[in-house]
Amino acid sequence: MFWWKMKVTTPTLLLVFFFLSSCITLTYAIVPPQKIPITNSNEEVIGGRLDLCLPCIDFMNSELEKLIGIVSQIGVLDTCSHMCNLLNASTITTDACDTLCSLVGIDVFWKVFTRAGMNPIYACQLLTACPTSQHPSVSLSSVVVSPPFGSSGTKFTFTTTFNVTNATGAGESAYAVYFPSGTERYVSTQIFENYTPGRYSLDMYFQTENNRTFDIGVYPVVVSICAGQCNGGILLAQGEYSFNISSSSSSST
């Protein structure tokens, strides 16, 4: 398991508790984060804490916009506790903020939230909670959709096989399913902490429903692996495939 190997400290436990207890609502579907162990033996990977990366991203998903607002309104802040208390949040959230701030100190912490294009993964990399790779490199071997044909209501599996030449640092794997109408798509992302050099196979799932949303036709699928968030990060590899919905499993009402 992921958590039992961590070095236990009080701030870490508080941040992990925040991670496990929070509920995040985003504009697209999120599957549970895949916990890929961090290995810093690759000299091109900088920073990263096995016990803090995913909890940091989870924290930033809920608090990033608030922290940006605090800095834009107040400017320079003098202590971690001062800035974190301005969140007007629960004790767990405030302590999680203070834990992350203490990694780099207040002078670095508040300046992170003045940068343009900030996102949760990037913020956690700047705070040294998540690893950053200087020269990430990934090549895609194959993308297989199973089954290739099905009726509405079928669960499709997208199996992506890829090779990592240089460690990736923290990032996302994602897929986008494009509906036959050409005007809609469904996007799902999965966070990873770091892929070290090697060969990997990743399964992601797409559950259709037996209703009018899933018309008969061809559904193109684009699978991406990114350093950082796919929306604004570095696209490392991308593959395309498709599946076909040929009938409804029962008559729609």
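Quick caveat: nothing in here was measured; it's all calculated off a predicted structure.

The full count for this structure, using the stated rule, is five disulfides. Here Cys56 pairs with Cys124 through a disulfide, and the sulfurs are 2.0 Å apart. Disulfide Cys56-Cys124: torsion about the S-S bond near -100°, hence left-handed. With a gap of 68 residues between them, Cys56 in helix α2 (residues 53-74) and Cys124 in helix α6 (residues 120-126) connect regions that are remote in the sequence. The class of Cys56 is buried, set by a relative accessible area of 0%. Shown here is the disulfide that connects Cys84 with Cys97, its sulfur atoms set 2.1 Å apart. Its S-S torsion of about -75° marks the bond between Cys84 and Cys97 as left-handed, since a negative value means left-handed. With Cys84 in helix α3 (residues 80-85) and Cys97 in helix α4 (residues 91-104), this residue pair connects regions lying 13 residues apart in the sequence. Each bonded cysteine of the chain gets a number by its place in the sequence, and the pairs then read 1-8, 2-7, 3-6, 4-5, 9-10.

For the rest of this paragraph, the subject is the layout of surface pockets. The space that makes up the second largest pocket amounts to roughly 270 Å³. Lining the second largest pocket are 18 residues, with Ala174, Arg185, Val187, Cys230 and Asn231 positioned closest to its centre. Breaking the lining of the second largest pocket down by element, the ones donating at least two residues are β7 (171-178), β8 (185-192), β10 (217-227) and β11 (234-248). Sorting elements by how many residues they give to the lining of the second largest pocket places β7 first, with five residues. Class assignment of the residues belonging to the lining of the second largest pocket gives a composition of eleven nonpolar, five polar and two charged.

Take the nonpolar core next. Core analysis: the biggest nonpolar cluster contains 34 residues, and Met60, Met83, Phe109 and Phe113 have the highest contact counts within it. When contributions to this core are tallied by element, the ones reaching two or more residues are α2, α3, α4, α5 (106-112) and α6. Per element, the largest residue contribution to this core is ten residues, and it comes from α2. When near neighbours in sequence (up to four residues on either side) are disregarded, Phe109 contacts Met83, Cys97, Leu100, Cys101, Val104 and Leu127. Residues Val143, Phe156, Phe162 and Phe243 belong to the second largest nonpolar core, which totals 25 residues.

Criteria and thresholds
Residues numbered from 1 in each chain as written. Predicted model: local features only at pLDDT ≥ 70, side-chain atom pairs only at ≥ 80, totals over all residues. Heavy atoms only, no water. Disulfide = S-S within 2.5 Å. Helix = DSSP H or I, 4+ residues; strand = E, 2+ residues; numbered from the N terminus. Buried < 20%, exposed > 50% of the residue type's maximum accessible area, 1.4 Å probe, protein only. 1 Å grid on protein atoms, 1.4 Å probe; cavity = no way out; pocket = protein on both sides within 12 Å on 5 of 7 lines; lining within 4 Å. Points joined across faces, edges and corners; volume = space filled by probe spheres on them. Nonpolar A, V, L, I, M, F, W, Y, C, P; charged D, E, K, R; others polar. Core = buried A, V, L, I, M, F, W, Y, C linked by side-chain atoms within 4.5 Å. Contact = heavy atoms within 4.5 Å.

These figures capture arrangement, not role.
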